[in-house]
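Structural characterization, general
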Amino acid sequence: MTTKALTTPSDIPETDAPASKRSRTGIKVIAGIAALALAATAGNHFIRLSLFTESTDDAYISGHVHRVSANVAGPLLEVLADDNELVKKGQVLAKIDPREFDIMEKKAISSMEQAHAAELQAAAKAAEARAADLQAKAGISSAEAEIKGSEARLELAKITLNRNESLLGSDNPAVSQLVVDQNRSEVEASEAQLNASKANLEAAQATHESSQASIQAAEADIASAKAEIDVQKAAIDDIHRQLSYTEIIAPESGRVGAKNAENGNRVEVGQSLFALVEQDYWIVANFKETQLKKMTAGQKVDIEVDSLGGKHFSGTVDSIAPATGSQFAILPPDNATGNFTKVVQRVPVKITFDPESIRGFEDQLRPGLSTVVRVQTH
């Protein structure tokens, strides 16, 4: 039986050792170069992020939120929109029972018709008064003419009476007592006629004054009736306007939220019934005042939305607020006090989404969602 000798390290050829060492050395060199390249890339990325990027997680999505409220009071006849429903601009969201306004309209129409009747009646009285006034004016003219004629006849009768009385008293009278008596009768008759003409004049003047008063009263009634007609027309127009408000419509296209309306509920003026959120979003990022040195409108922004698992979108700096956020608070801080602590202020920056980057994600974006933004300032 042959026994095989064991191989010892000393039996390995010495020519193979240098080649193995050279291979391991090459691998280490390559790994070192790769590590240096990776470190250089990371360092370059870190430098770029540090020097040419400003970021903040104090940012959230904002949008137009319309509070749709009732403009008139009344019971809800029908609610046509539901929570989260997508609606179009001008779409009817709910209807308020219009019957109360229908009754108001009928009353206003009735009052206007009564005012029209009163106007016609007053116009008829005015026409009658004007006719009487014309007749009174004619009577005045006739009475004045009669007075002038009566005065002339009276004057002539007096002259004749005086002459005949002189002749009757002479030594050789040319007239008889009968003629003188007739002259006296003519004077008395002329005086009576003059008095009658004056009485006619006074009566005609009284009729004229009465007619004028009647005309003025009738014209006042006409003006009052016209004013009442205008009031009722305005009331009817207002009722029509309120009737148009019984249909609550969407002011813009968007999704319905915060629904506070049910069939049969009575709503009051100004009561909020829906919140309508437009699908037009932007970012409000509150940067520290120390981050605004190189920030300007038009710079590119990387946007990361938390609710989408860190999904990244692109955007653009739209504008920077004209004041810090604290200045828009209900109670702005007053630094002119005895104790003052300097606090780094934050300034709201509006960032708009690039439409192409959010295509297909419009329905997943919501106002109020948290984001992280990075503005490329170089």
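The structure presented is a predicted model; accordingly, all values stated were derived computationally and were not measured.

1. Comments concerning the environment of valine 277
- When you line up the elements, valine 277 lands in strand S8 (residues 272-288).
- Measuring from C-alpha to C-alpha, the distance between valine 277 and glycine 257 comes to 7.3 Å, with 20 residues separating the pair along the chain.
- Look past the residues within four positions of valine 277 in its chain and what remains in contact with it is His64, Val65, Ser253, Gly254, Arg255 and Pro367.

2. Points about the confidence of the model for the protein chain
- Averaged over the protein chain, the pLDDT score is 82; the fraction of residues at 70 or greater is 87%.
- For the stretch residues 1-12, pLDDT sits under 50, and the model shows one contact to residues farther than four places along the chain or on other chains.

3. As for the side chain of glutamine 232
- Here glutamine 232 shows up in helix H3 (residues 177-245).
- A polar side-chain atom of glutamine 232 sits 2.7 Å from a polar atom in the side chain of glutamate 228.
- Those residues within four positions of glutamine 232 in sequence are excluded, and the remaining contacts are Ala108, Ser111 and Met112.

4. Quick word on the pattern of salt bridges
- Applying the stated criterion across every chain yields a total of twelve salt bridges.
- A salt bridge links arginine 99 to aspartate 97; its shortest N-O distance comes to 2.5 Å.
- What makes arginine 99 exposed here is its relative accessible area of 56%.
- Arginine 374 is paired through a salt bridge with aspartate 302; the nearest N and O atoms lie 3.3 Å apart. On the criterion of sequence distance, the pair formed by arginine 374 in strand S12 (residues 370-376) and aspartate 302 in strand S9 (residues 300-305) is long-range, its members being 72 residues apart.
- Salt bridges sharing common partners tie together Asp82, Lys259 and Glu262.

5. A short note on the pairing of strand S11 (residues 346-353)
- Strand direction decides the pairing type here: S8 and S11, joined by seven bridges, are antiparallel. Residue pairing for S11: phenylalanine 287 is matched across the bridge by valine 347.
- The pairing of strand S10 (residues 311-320) with S11 spans five bridges and is classified as antiparallel. Each bridged residue has a counterpart across the sheet, and for isoleucine 320 the counterpart in S11 is valine 349.

6. A short note on the packing of helix H2 (residues 99-168) against H3
- Orientation of H2 relative to H3, taken along the N-to-C sense of each, is 165°, at an axis distance of 4 Å. The angle between H2 and H3 places the two elements in the roughly antiparallel class. Once H2 is placed against H3, the crossing between them reads as left-handed.
- Class assignment for the residues of the contact of H2 with H3 results in 35 nonpolar, 21 polar and 22 charged.

7. Thoughts on unusual backbone geometry
- Unlike most non-glycine residues, asparagine 84 shows phi in positive territory, near 70°.
- Mapped onto the secondary structure, asparagine 84 falls in the loop between strand S2 (74-79) and strand S3 (86-87).
- One non-glycine residue with positive phi stands out, namely alanine 258, at about 50°.
- Within the fold, alanine 258 resides in the loop between strand S6 (254-257) and strand S7 (266-267).
- Its relative accessible area of 53% is what places alanine 258 among the exposed residues.

8. Points about the packing of aromatic side chains
- Summed over the entire model, instances satisfying the criterion amount to two aromatic pairs.
- Note on phenylalanine 313 and phenylalanine 361: the rings are 5.4 Å apart at their centroids and 75° apart in plane angle, and the pair reads as edge-to-face. Highlighted residues: phenylalanine 313 in strand S10 and phenylalanine 361 in the loop between S11 and S12, separated in sequence by 48 residues.
- Residue phenylalanine 361 is classed as partly exposed on the basis of its relative accessible area, which comes to 23%.
- Above the plane of the ring of tryptophan 282 lies lysine 350, whose end atom (NZ or CZ) is 4.8 Å from the centre.

9. Regarding the environment of asparagine 286
- With respect to the helices and strands, asparagine 286 occurs in strand S8.
- Here asparagine 286 is in contact with Thr56, Asp58, Tyr60, Arg346, Val347 and Pro348, once residues within four sequence places are set aside.

10. Brief notes about the nonpolar core
- Core analysis: the largest hydrophobic core is formed by 26 residues, its most contacted members being Leu76, Leu93, Ile96, Leu273 and Phe274.
- Counting only elements with at least two residues in this core, the list comes to S2, strand S4 (92-96), H2, H3 and S8.
- Excluding its chain neighbours within four sequence positions, the residues that come into contact with leucine 76 are Ala94, Lys95, Ile96, Ala261, Glu262, Asn263, Gly264, Asn265 and Val267.
- Core analysis: the second largest hydrophobic core is formed by 22 residues, Ala59, Ala285, Met295 and Ile358 among them.

Criteria and thresholds
Residues numbered from 1 in each chain as written. Predicted model: local features only at pLDDT ≥ 70, side-chain atom pairs only at ≥ 80, totals over all residues. Heavy atoms only, no water. Helix = DSSP H or I, 4+ residues; strand = E, 2+ residues; numbered from the N terminus. Contact = heavy atoms within 4.5 Å. pLDDT = per-residue confidence, 0-100. Polar contact = N/O pair within 3.5 Å; in protein donor to acceptor, adjacent residues only side chain to side chain. Salt bridge = Lys/Arg side-chain N within 4 Å of Asp/Glu carboxyl O. Buried < 20%, exposed > 50% of the residue type's maximum accessible area, 1.4 Å probe, protein only. Pairing = 2+ DSSP bridges. Axes fitted to C-alpha atoms, helices over the stretch in contact; angles between N-to-C directions. Parallel < 35°, antiparallel > 145°, perpendicular 65-115°, else oblique. Left-handed = near helix turned anticlockwise from the far one by under 90°. Nonpolar A, V, L, I, M, F, W, Y, C, P; charged D, E, K, R; others polar. Phe/Tyr/Trp six-rings, centres within 6.5 Å; stacked < 30°, edge-to-face > 60°. Lys NZ or Arg CZ within 6 Å of the ring centre and 35° of its normal. Core = buried A, V, L, I, M, F, W, Y, C linked by side-chain atoms within 4.5 Å.

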